[in-house]
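# Observations on the three-dimensional arrangement
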Amino acid sequence: MEKYKTAVVRREHFNAAHRLHNANWSDEKNKEVFGKCNNEHFHGHNYDLEVKVIGFCNPETGYVIDTKVLSKYIQKEILDVFDHRNLNMDVSYFKHINPTTENVARVIFEILRPLISNELELKIKLYETERNFVEYPGE
Ligand code: NI
């Protein structure tokens, strides 16, 4: 059979609180730029995460990646660390990074990238709400 590329997607979910804030700005400017997301006492989101792995099928398994293995990585490295946490206060990656959806998606990419074979492409889609999501293209 001819070699062809296929995308495999694992969908996951976590809840987390955050606050968008730039410590270099005044309270007024933070409020103006981040609005409700600057609320001093945090607020939560139900995040939906899609981890997409693209590559050639292994001719022996027929898999691009074993989804059991992919799911284990996401559980251990992302969900166990992010779920039901305050991203600003509990998750060290965001100590100096504003936890916008863009930045959360990029951090998830950086965590997972070294765990996945270099021959495979990795893309992250993160929904903060049903209507707002970001894609980190990983290129
Ligand atoms: Ni928010």
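This is a predicted model, so every value here is computed, not measured.

## A word on the overall build of the protein
- For the protein, the count of helices and strands is four helices and five strands.
- When the elements of the protein are put in sequence order from the N terminus, they spell out β-α-β-α-β-α-α-β-β.
- Here the C-alpha coordinates of the protein stretch approximately 60 × 25 × 25 Å along the principal axes.
- Across the 139 residues of the protein, 38% fall into the buried class.
- When contacts within the protein are restricted to residue pairs at least 6 apart in sequence, those whose partners lie at least 24 apart make up 65%.
- Of the roughly 8,900 Å² of accessible surface on the protein, 48% is carried by carbon and sulfur atoms.
- Looking at charge distribution, the protein has the averaged site of its 19 positive side-chain charges lying 1 Å from that of its 22 negative ones.

## Observations concerning the coordination of the nickel ion
- At the metal site, the nickel ion is ligated by His18 (NE2), Cys37 (SG), His43 (NE2) and His45 (NE2), and these contacts range over 2.1 to 2.5 Å.
- Between the four donor atoms coordinating the nickel ion, the angles at the centre fall across 92 to 140°, so the site counts as irregular.
- Donor residues binding the nickel ion come from one chain and are separated in sequence as H-x18-C-x5-H-x1-H.

## Structural notes on the environment of Asn103
- Here Asn103 is to be found in helix α4 (residues 101–112).
- Distance in space between the C-alpha atoms of Asn103 and Asp48 is 15 Å, their sequence separation being 55 residues.
- The residues touching Asn103, leaving out its near neighbours within four places in the chain, are Phe94, Ile97 and Asn98.

## Some remarks on the nonpolar core
- The biggest cluster of nonpolar side chains holds 31 residues, and the ones touching the most others in it are Phe14, Phe82 and Ile108.
- Counting only elements with at least two residues in this core, the list comes to β1 (5–18), β2 (43–56), α2 (67–82), α4 and β4 (121–127).
- With seven residues, α4 is the largest single contributor of residues to this core.
- In this view, Phe82 contacts Phe14, Asn15, Ala16, Leu87, Val91, Tyr93, Phe94, Val104, Val107, Ile108 and Ile111; residues no more than four positions away in its chain are not counted.

## A short note on the packing of aromatic side chains
- Tallied over the full model, the rule gives seven aromatic pairs.
- An aromatic cluster of at least three residues, connected via ring pairs, comprises Phe14, Tyr47, Phe82, Tyr93 and Phe94.
- Taking NZ or CZ as reference, Lys3 lies 4.8 Å from the ring centre of Phe56, over its face.
- Over the ring of Trp25 we find Lys29, and its NZ or CZ is 4.5 Å from the ring centre.

Parameters at a glance
Residues numbered from 1 in each chain as written. Predicted model: local features only at pLDDT ≥ 70, side-chain atom pairs only at ≥ 80, totals over all residues. Heavy atoms only, no water. Helix = DSSP H or I, 4+ residues; strand = E, 2+ residues; numbered from the N terminus. Buried < 20%, exposed > 50% of the residue type's maximum accessible area, 1.4 Å probe, protein only. Contact = heavy atoms within 4.5 Å. Areas by Shrake-Rupley, 256 points an atom, 1.4 Å probe, with all protein chains shown as cover. Lys, Arg positive; Asp, Glu negative; His and termini not counted. Charge placed at Lys NZ, Arg CZ, Asp CG, Glu CD. Donors = N, O, S within 2.8 Å, 3.2 Å for Na, K, Ca; no water. Tetrahedral: all angles 85-135°; square planar, octahedral: opposite > 155°, others 65-115°. Core = buried A, V, L, I, M, F, W, Y, C linked by side-chain atoms within 4.5 Å. Phe/Tyr/Trp six-rings, centres within 6.5 Å; stacked < 30°, edge-to-face > 60°. Lys NZ or Arg CZ within 6 Å of the ring centre and 35° of its normal.

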